[in-house]
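Residues per chain, in single letters:
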Amino acid sequence: MAGQDTGQILKYFTEIIMVLLLTYECFVETLDVQFSYIDGQLHHRIPRSAELLEFTVVVEVKVSQGVMNEQIRASLASITFPLQVDNSTEITAADITTDNTSCAQPPTVTPVPAEYLTEIQIDAENTPIIYQLMIYLMAFNFPYIISDSSNITEINITTVCSLNETQYQCKCEGLFVWPNDTCHSYKACDVITDGSCTCINGLPVDRQFCQLKEVLPSNYVIDIDVRFFDLFVVNYLRNIIRNISLPLTLSNSMNVTDIDMTTVCGLNEMVYECKCEEHHVWPNDTCRAYQVCDGIVGGTCGCIQALPSEGPLCQRDINECEDAVSVCGQYSDCINIIGSHMCSCWSGFNTSNKDSPVSRNNSCQDIDECLFSPSVCGPNSNCTNEIGSYNCSCLDGFTATNPSLPISINNTCGDVHECLNTSEFCGPNSCCTNLIGSYNCSCLSGFTVTNMNQPVSISNPCNVTLPLTEYLIEIQINSVDSSITDQLRTLLMSFNLPYIISDSTNITEINITTVCSLSVQTQYQCKCEGLFVWPNDTCHSYEACDVITDGSCTCINGFPVDGQFCQAIDECLVSPSVCGPNANCANEIGSYSCSCLDGFTATNSSLPISINNPCRVLKMSMRVNQNFDTSLNNPEEEMFQTYVNTIKSAIEDSYISLSIYIKNSVKVRKFRPGSIIADYEISLTTNSLSSLNSANSDDFGLANTQVLRTLWKAGIPVALNAFF
């Protein structure tokens with residue numbers, strides 16, 4: 001066929017759905033055919049039961065010769081049952097129920113209409129045949145009656161296949177489409193939409209053709225405008241609508257599912273007012289375009305003073321925000337919109353899942369602002385989280401830069417200079433030293449704090465110092481029994497010192513110094529106790545009865561006539577000093593104590609001062625004319641490190657020429673306010689502070705002047721009288 005002049009084969013496929021109703025006449029043999037169907041894709045035979053779709057078909061056959069009866073019986077006997085008709089239908093049995101000698105009344109059977117779908121393939125060589133067939137089919141009136149029991153209810157052209165050069169293209173007609181698998185197997189020649197197409201490149205080998213597209217139900221909203229002059233009709237119409245039973249069936253394919261009165265408009269004096277019915281509102285744009293005659297709530301209103309010429313009328317709405325918590329959850333706002341709603345968190349709250357909208361299942365939770373970095377309150381502050389908010393407060397010793405504004409990262413806490421009003425914090429006769437976030441109080445020279453166990457303050461002020469006077473009282477006890485001496489020793493050892501006699505008098509120390517007794521009947525021997533000794537002169541005047549060592553002895557032959565007794569050893573008289581240079585030595589009973597002169601510290605501050613750990617470290621301070629920056633409190637800050645390195649370098653370079661300076665000993669310890677005070681220390685080789693004030697004083701002054709110049713060049717404005 002392809003080699004003929006037209007070069008095309010046109011095939012038309014027609015689906016014919018027929019319902020066949022068969023009746024009977026007298027003198028017939030009745031054939032009873034029973035069949036069952038196969039259930040969907042499970043493909044199992046359904047047993048005969050109340051749920052089985054079972055049909056009995058009675059076929060009446062008129063015959064004029066008896067031999068025909070026998071032939072029909074033989075034909076039925078040769079059939080193997082069940083006989084499969086198609087995938088869903090089979091004949092389970094067939095029998096002749098009536099003989100041919102009488103007109104027996106067949107059993108009463110209710111005819112069951114049966115629908116048949118017939119596909120007809122038409123091959124044509126001439127293109128106009130397509131159009132002629134279409135016109136012919138369009139002229140059919142349906143149902144088309146074939147007989148009393150058979151009708152053609154519908155005829156459709158489903159598929160037209162033709163050669164496109166060397167390849168067949170099969171296109172669907174009308175509401176017919178190719179299924180998804182076929183579209184992919186034969187390469188669709190149009191767009192695949194919703195899993196179907198209308199054109200494929202090829203002639204299906206399974207001889208399946210286009211199928212009727214499944215049409216989903218469509219919803220239509222129809223606005224009906226009803227006009228009348230009597231408002232009584234409004235209530236009448238409202239009652240009718242309320243009493244209609246829905247859905248209301250209009251036809252086999254059409255139902256009315258909902259009827260609503262949405263809007264009622266009427267003249268109010270000279271102005272039209274259009275009011276929405278219950279559960280209906282005007283949309284936001286309409287409420288803003290016209291004057292409203294009620295309030296706008298959630299962007300909608302219920303009444304406008306106008307008769308809109310265009311746009312939607314009142315729209316149905318359910319206010320989900322009437323119970324906002326059940327819809328949006330706690331700590332949220334609910335905004336009703338037409339047909340929906342919108343949730344948003346309060347300030348200070350957020351959802352745990354930020355990618356999902358706010359809802360009851362994704363509710364708003366408190367934000368802990370105090371976990372933010374940097375702190376929302378700024379430095380030197382406390383942050384306290386609160387539900388939906390937070391509170392900032394300054395640390396003790398700090399206050400807000402602007403007290404009239406709340407504390408924040410833009411209004412930070414700065415140091416309180418408590419020492420601007422000394423008497424308010426430290427009391428009279430005191431010195432106040434400001435510290436970052438705090439202060440320190442000390443008594444002026446000549447004054448002492450009231451309670452030595454408490455810091456100096458307005459409630460524990462400094463008073464005039466009464467000079468303490470120490471009295472050394474020697475008591476001579478005479479006894480005839482030597483055991484008294486032992487008893488006295490035991491008694492004195494049990495004393496808890498200091499022993500308070502009154503508020504102003506204490507016994508700080510009690511010692512037995514000398515015990516004198518007759519060694520022979522006519523001569524006394526006086527021996528020293530503990531760490532006491534006889535001085536050198538006494539040892540020689542009274543003939544020492546032991547060895548004189550370092551100018552002292554512990555026993556003499558005689559009783560001193562001047563009434564002097566053994567004396568304590570004074571280590572502070574030893575030369576060189578037991579405390580080393582730049583130190584004070586204080587003699588104590590049986591011992592001594594060392595302290596550095598003002599401005600010096602021990603070489604190793606963790607060990608006691610001695611000749612082996614002398615006071616060689618000189619503490620000094622310098623003042624810089626700049627406002628104090630809190631970053632100078634933190635050794636990790638860049639500003640702190642810059643100042644330390646610059647000051648160390650300037651001092652090292654300037655002091656290196658001093659013979660008393662120990663190289664690389666400078667250490668910058670800390671910075672403190674007022675303006676900026678740098679505390680540092682250096683180590684010296686000099687044996688006394690006097691050396692610094694005499695021979696080396698000029699050199700030391702020149703070195704300090706050089707430090708000033710170096711720091712000024714480095715951009716650090718040191719005060720003229722910087723060092724103290």
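Each residue is numbered by its place in its chain's sequence as written, counting from 1. In keeping with the model being predicted, local features are shown solely for residues with a pLDDT of at least 70 and side-chain atom pairs are shown and tallied solely at 80 or more, while totals for entire chains, interfaces and linings include all residues. As a rule here, side-chain values come from all non-hydrogen atoms in the structure, and water together with hydrogens is ignored.

**So, the overall build of the chain**
- The numbering of helices and of strands both runs from the N terminus, where a helix is a DSSP run of H or I of at least 4 residues and a strand a run of E of at least 2. The number of helices and strands found in the chain is 12 helices and 47 strands.
- The rule is simple: take the accessible area with a 1.4 Å probe, protein chains only, and divide by the maximum for that residue type; under 20% is buried, over 50% is exposed, in between is partly exposed. Evaluated residue by residue, the chain yields a buried proportion of 29% over its 724 residues.
- Areas reported here follow the Shrake-Rupley algorithm with a probe of radius 1.4 Å; residue values treat only the protein chains shown as occluding. Working note: accessible area of the chain is about 47,300 Å², and carbon and sulfur atoms make up 52% of it.

**Digging into the sheet that holds strand S10 (residues 176-179)**
- A pair of strands is treated as paired once DSSP finds two or more bridges between them. Spatially, the 3 strands line up as an open sheet ordered S11-S10-S13, and their pairing is antiparallel. Looking at strand neighbours, the two that pair on one side only are strand S11 (196-197) and strand S13 (211-212), the edges of this open sheet.
- Bridge count for S10 against S13 is 2 bridges, and the pairing is antiparallel. Along S13, the bridge assignment pairs Phe176 with Leu212.

**As for a negative patch on the surface**
- A residue counts toward a patch only above 30% relative accessible area and without a salt bridge, and it is joined to like-charged neighbours within 9 Å or, for Val, Leu, Ile, Met, Phe, Trp and Tyr, to nonpolar neighbours within 5 Å. Counted as salt bridges are all cases of a side-chain nitrogen of Lys or Arg within 4 Å of a carboxyl oxygen of Asp or Glu. His is not counted, nor are the chain ends; Lys and Arg add positive charge and Asp and Glu add negative charge. Every charge is mapped onto a representative atom, which is NZ of Lys, CZ of Arg, CG of Asp or CD of Glu. A cluster of like negative charges, contributed by Asp629, Glu636, Glu637 and Glu638, occupies part of the molecular surface.
- Note on Glu638: relative accessible area 64%, which makes it exposed.

**A look at the pattern of salt bridges**
- Applying the stated criterion across every chain, the model contains 9 salt bridges.
- Arg238 is the salt-bridge partner of Glu277, the closest N and O atoms lying 2.7 Å from each other. Of the two residues, Glu277 is situated in the loop between strand S17 (271-276) and strand S18 (280-281) and Arg238 in helix H4 (residues 232-243); the sequence distance between them amounts to 39 residues.
- For Arg238, a relative accessible area of 17% translates into the label buried.
- Salt bridges here are not isolated pairs; linked through shared partners, they connect Asp258, Asp260 and Arg316.

**Looking at the pairing of S17**
- Sheet topology note: the strand S16 (residues 263-268)/S17 ladder contains 6 bridges and is antiparallel. Counted as the bridge partner of Asn268 is Val271 from S17.
- In this structure, the hairpin formed by S16 and S17 is closed by a connection of 2 residues, where Glu269 is found at a positive phi of approximately 60°.
- As defined by bridge partners, S17 adjoins strand S19 (residues 303-304) across 2 bridges and the pair is classed as antiparallel. Looking at S19, one finds that Cys274 is bridged to Ile304.

**A word on a nonpolar patch on the surface**
- A grouping of Tyr220, Ile222, Ile224, Val226, Phe228, Phe232, Val233, Tyr236 and Ile240 is seen on the molecular surface, where their side chains present a nonpolar patch of about 1,000 Å² in accessible area.
- Note that Tyr220 resides in the loop between S13 and H4.
- The class of Tyr220 is exposed, set by a relative accessible area of 69%.

**Some words on the state of the cysteines**
- Disulfides are defined in this document as cysteine sulfur pairs within 2.5 Å. What the rule picks out here adds up to 23 disulfides.
- Cys276 shares a disulfide with Cys314; S-S distance 2.0 Å. The disulfide joining Cys276 to Cys314 has a torsion of about -75° about its S-S bond and is therefore left-handed. Remark: Cys314 occurs in the loop between S19 and strand S20 (315-316) and Cys276 occurs in strand S17; sequence separation between them is 38 residues.
- Here Cys579 connects covalently by a disulfide to Cys594, the sulfurs 1.8 Å from one another.

**Regarding the sheet that holds S16**
- With antiparallel pairing, the 3 strands of this open sheet are ordered in space as S16-S17-S19. The two strands at the open ends of the sheet, each matched to only one other strand, are S16 and S19.

**Here we look at the nonpolar core**
- Core analysis: the largest hydrophobic core is formed by 42 residues, its most contacted members being Met622, Ile651, Tyr655, Phe671, Tyr680 and Ile682.
- At the level of elements, strand S42 (591-596), strand S43 (600-602), strand S44 (615-624), helix H10 (638-655), strand S45 (667-673), strand S46 (676-683), helix H12 (697-713) and strand S47 (718-723) are the ones that each hand at least two residues to this core.
- The dominant element in this core, judged by the number of residues it contributes, is H10, at 7 residues.
- With near-sequence residues (within four places) excluded, Ile682 lies in contact with Arg616, Val617, Leu618, Ile651, Tyr655, Tyr661, Ser665, Val666 and Phe700. Among the buried residues, those of types Ala, Val, Leu, Ile, Met, Phe, Trp, Tyr and Cys that are joined through side-chain atoms within 4.5 Å form a nonpolar core. The contact criterion used is simple: two residues touch if any of their non-hydrogen atoms lie within 4.5 Å.

**Focus on helix H2 (residues 128-138)**
- Within the span of H2, buried status applies to Ile130, Leu133 and Leu137. The buried residues of H2 occupy an angular sector of 65° when projected down its axis, which confines them to one face. Within H2, the exposed residues directed more than 90 degrees away from the buried face are Tyr131, Gln132, Ile135, Tyr136 and Met138. What the arc covers is the set of directions going from the helix axis to the C-beta atoms.

**Some remarks on the environment of Arg623**
- Among the secondary structure elements, Arg623 is positioned in strand S44.
- Measuring from C-alpha to C-alpha, the distance between Arg623 and Phe671 comes to 9.8 Å, with 48 residues separating the pair along the chain.

**What to know about unusual backbone geometry**
- Here the bond from Phe142 into Pro143 is cis, since omega is 0°, no more than 30 degrees from zero.
- Tracing the backbone through its elements, the reader meets Pro143 in the loop between H2 and strand S7 (144-147).
- A cis amide bond links Leu246 with the next residue in sequence, Pro247, at an omega value of 0°.
- Relative to the assigned elements, Pro247 resides in the loop between H4 and strand S14 (248-251).
- For Lys187, which is not a glycine, the phi torsion comes out positive at approximately 55°.
- Along the polypeptide, Lys187 turns up in the loop between helix H3 (180-185) and S11.
- With a phi close to 55°, Tyr331 is a non-glycine residue in the positive phi region.
- Along the chain, the position of Tyr331 falls in the loop between helix H6 (324-328) and strand S21 (332-337).

**Quick word on the environment of Pro614**
- Within the secondary structure, Pro614 is located in the loop between S43 and S44.
- Between the C-alpha atoms of Pro614 and Thr601, which are 13 residues apart in sequence, the distance is 8.3 Å.

**A closer look at the pairing of S44**
- Most of S44 is tucked away: 7 of the 10 residues are buried.
- Where S43 lies against S44, 3 bridges are found, and the strand directions are antiparallel. By the bridge assignment for S44, Ala602 is matched with Cys615.
- Relative to S46, S44 is paired through 8 bridges, and the arrangement is antiparallel.

**Some points on the confidence of the model for the chain**
- Looking at the chain as a whole, the pLDDT averages 77, with 82% of positions reaching at least 70.
- Per-residue pLDDT stays below 50 along residues 100-104; that stretch engages in 7 contacts with residues further than four places along the chain or on separate chains.
- Confidence of the prediction at every residue is given by pLDDT, a number between 0 and 100. Of the regions scoring below 50 in pLDDT, residues 687-696 engages in 18 contacts with residues more than four places distant in sequence or in other chains.

**Notes on the packing of aromatic side chains**
- A pair of Phe, Tyr and Trp rings is counted when the ring centres sit within 6.5 Å of each other, with Trp represented by its six-membered ring. The angle between the planes then sorts it: under 30 degrees is stacked, over 60 is edge-to-face, the rest tilted. Under the criterion given, the structure shown has 8 aromatic pairs.
- Note on Phe640 and Phe671: the rings are 5.4 Å apart at their centroids and 85° apart in plane angle, and the pair reads as edge-to-face. Note that Phe640 is positioned in helix H10 and Phe671 in strand S45, a separation of 31 residues in sequence. For the pair Phe640 and Phe671, one class covers both residues: buried.

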